[in-house]
Amino acid sequence: MREAAVPGAGGFSPSVADFIALLKPRVMSLVVFTGLAGLIAAPGHIHPVLAGVALLCIAIGAGASGAINMWYDRDIDAGMTRTQDRPLPAGRMDPSSALGFGVTLSVGSVTVMGLGVHWAAAGLLALTIAFYVFVYTMWLKRRTPQNIVIGGAAGAFPPMIGWAAVTGDVSLMPVLLFAIVFFWTPPHFWALALYKAGEYAKVGVPMLPVVAGKAETRRQIVIYSLILVPLTLAPWALGLASAIYGAPAAVLGLVFLAGALRVAVAKTDAAAKGLFAYSILYLFLLFALVIADALLAAPSRGL
Amino acid sequence: MADERNDASDVHKKRRGRNIAMLVALAGLVVLFYVITIVKLGGGN
């Protein structure tokens, strides 16, 4: 099946835009934003230039793992409308170019992070890339409906990397930020999978709606949302963030819960699409609140 | 014939784009390492 991705005609001529597409720029923006929140929320000082370098490395590292993911998944990408125009399944790029591009950027981003910012952050970045490529892409994605639950950890690391870039270590707050993204990921992806179940089934990816059915997926979305929303309030409850973060986070969380319950009750694609769209906004706003809290309230807490 | 010429010019255009991108990336890396060095020498962490 994998060879289906290789076009019959020889001579690939990828454009610069194809290489940029390999980096999954849309995913990158969320990763950079959560990384920035970790950087700003961390106590201590980092030179703005080094903060910029850290974010660049997080972005490039995330993009690089995306490129390796596209190299490995080129066969299944060819079978889904959402992904079939990517450079590899569309036959615009030689697979080995994509792999070389991804590996080079992975090594480069970790090296620059280590030499320029902090080796603790570099270690976490390397762990993130390795987790996404080896644990999620190669091991879990095609084998278990728990693929995105455990694989979601890769997307949860950036705030921790940003924090470590400033402090050189990891404490409770970055662990909570990690946990928030980790528990946000399943309801986010399962909402998408609910109305794309047919496509995942076609290419043999065992997403939860394909394996366990839509009813079970809706139940799991509600369960994870019930864990997620209280978790988002933990920084406030533990005194690590003020009401500037906590009060709006509570309101946003209630809206998210309402969306999850609507998915469970209405059982429509429209409800799932609504939750998927809101989930992205929700995470952006949560981390914007983390940033706002760090800038406005943390100085008064002596952080 | 005209199609072949168009294909060749498209390939050249894309190759030129990739070469320019590589030049920009390399120049960017040089600037990045220079700036990091200056910041570190200045005691910025």
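Residues numbered from 1 in each chain as written. Chains lettered and ligands numbered in written order. Predicted model: local features only at pLDDT ≥ 70, side-chain atom pairs only at ≥ 80, totals over all residues. Heavy atoms only, no water.

Trainee: Explain the interface of chain A and chain B to me, please; I cannot follow it from the model alone.
Mentor: A common measure of how large an interface is: the accessible area buried when the components associate. Across the boundary between the two partners, chain A contributes 16 residues, which contact 13 residues of chain B. Of the roughly 1,200 Å² buried between chain A and chain B, counting both surfaces, carbon and sulfur atoms make up 73%. The largest share of the area that chain A buries against chain B comes from A:Ser13, A:Val16 and A:Leu50, three residues that together contribute 35% of it. Our enumeration of links across chain A and chain B arrives at zero salt bridges. (Contact = heavy atoms within 4.5 Å. Buried area = accessible area lost by both parts, 1.4 Å probe. Salt bridge = Lys/Arg side-chain N within 4 Å of Asp/Glu carboxyl O.)

Trainee: Where do I start with unusual backbone geometry in this structure?
Mentor: Among all residues except glycine, the phi angle is most often negative; among peptide bonds, the trans geometry is most common. Residues and elements named next belong to chain A. A positive phi angle, near 45°, is found at Lys24, a position not held by glycine. Checked against the element boundaries, Lys24 lands in the loop between α1 (16-22) and α2 (25-41). According to the relative accessible area criterion, Lys24 is buried, its value standing at 16%. Residue Lys267 is not a glycine yet carries a positive backbone phi of 55°. Summarising the element assignment, Lys267 is placed in the loop between α12 (243-266) and α13 (269-296). Given a relative accessible area of 52%, Lys267 falls into the exposed group. (Helix = DSSP H or I, 4+ residues; strand = E, 2+ residues; numbered from the N terminus. Buried < 20%, exposed > 50% of the residue type's maximum accessible area, 1.4 Å probe, protein only.)

Trainee: Quick question: what am I supposed to make of the pattern of salt bridges here?
Mentor: Pairing is possible between side chains of opposite charge, provided their charged atoms come close. Residues and elements named next belong to chain A. Tallied over the full model, the rule gives eight salt bridges over all chains. Two residues, Asp73 and Arg142, come together in a salt bridge whose shortest N-O distance is 2.9 Å. Of this pair, Asp73 sits in the loop between α3 (48-72) and α4 (74-77) while Arg142 sits in the loop between α6 (119-140) and α7 (147-156), and the two are 69 residues apart along the sequence. The class of Asp73 is buried, set by a relative accessible area of 0%. Exposure remark for Arg142: the relative accessible area of 27% places this residue in the partly exposed category. Connected through shared salt-bridge partners, Asp73, Asp75, Lys141 and Arg142 make up one network.

Trainee: For this particular structure, what's the right way to read the environment of A:Ala120?
Mentor: Residues and elements named next belong to chain A. Among the structural elements, Ala120 can be located in helix α6. Taking the C-alpha atoms as reference points, Ala120 and Gly11, 109 residues apart in sequence, are found 42 Å from one another. In this structure Ala120 touches Ala164 and Gly168, once residues within four positions along its chain are discounted.

Trainee: Teacher, can you tell me more about the environment of A:Thr167 here?
Mentor: All names here are of chain A. Assignment of secondary structure puts Thr167 in helix α8 (residues 158-167). Judged by relative accessible area, Thr167 falls into the partly exposed class, the value being 26%. Along the chain, Thr167 and Ala241 lie 74 residues apart, while their C-alpha atoms are 18 Å from each other. Apart from the residues lying within four places of it in its own chain, the contact partners of Thr167 are Ala42 and Pro43. Separated by 2.9 Å, the side chain of Thr167 and the backbone oxygen of Asp169 make a polar contact. (Polar contact = N/O pair within 3.5 Å; in protein donor to acceptor, adjacent residues only side chain to side chain.)

Trainee: In this structure, what is going on with the packing of aromatic side chains? I would like to understand it.
Mentor: Centre distance and the angle of the planes are the two values used to describe a pair of aromatic rings. All names here are of chain A. Per the stated rule, a full pass over the model turns up 13 aromatic pairs over all chains. Geometrically, the ring pair formed by Phe182 and Phe183 is edge-to-face, given 5.3 Å between the ring centres and 85° between the ring planes. Under the relative-accessibility criterion, Phe183 is labelled partly exposed at 21%. (Phe/Tyr/Trp six-rings, centres within 6.5 Å; stacked < 30°, edge-to-face > 60°.)

Trainee: Explanation requested: the domain arrangement of chain A in the structure shown.
Mentor: Residue and element names in this part refer to chain A. The assigned domain composition of chain A is domain 1 (17-169) and domain 2 (171-296). For domain 1 and domain 2, the distance between their C-alpha centres works out to 21 Å. If you look at the interface, domain 1 gives 32 residues, while domain 2 gives 34 residues. Buried surface at the junction of domain 1 and domain 2, summed over both partners, amounts to about 2,800 Å²; 79% is from carbon and sulfur atoms. Across the contact surface, domain 1 and domain 2 share three residue pairs in polar contact (both at pLDDT 80 or more). Taken together, the elements giving at least two residues each to the side of domain 1 that touches domain 2 come down to α2, α7 and α8. A class-by-class count of the residues in the side of domain 1 that touches domain 2 yields 18 nonpolar, nine polar and five charged. (Domains from an automatic or database assignment. Nonpolar A, V, L, I, M, F, W, Y, C, P; charged D, E, K, R; others polar.)

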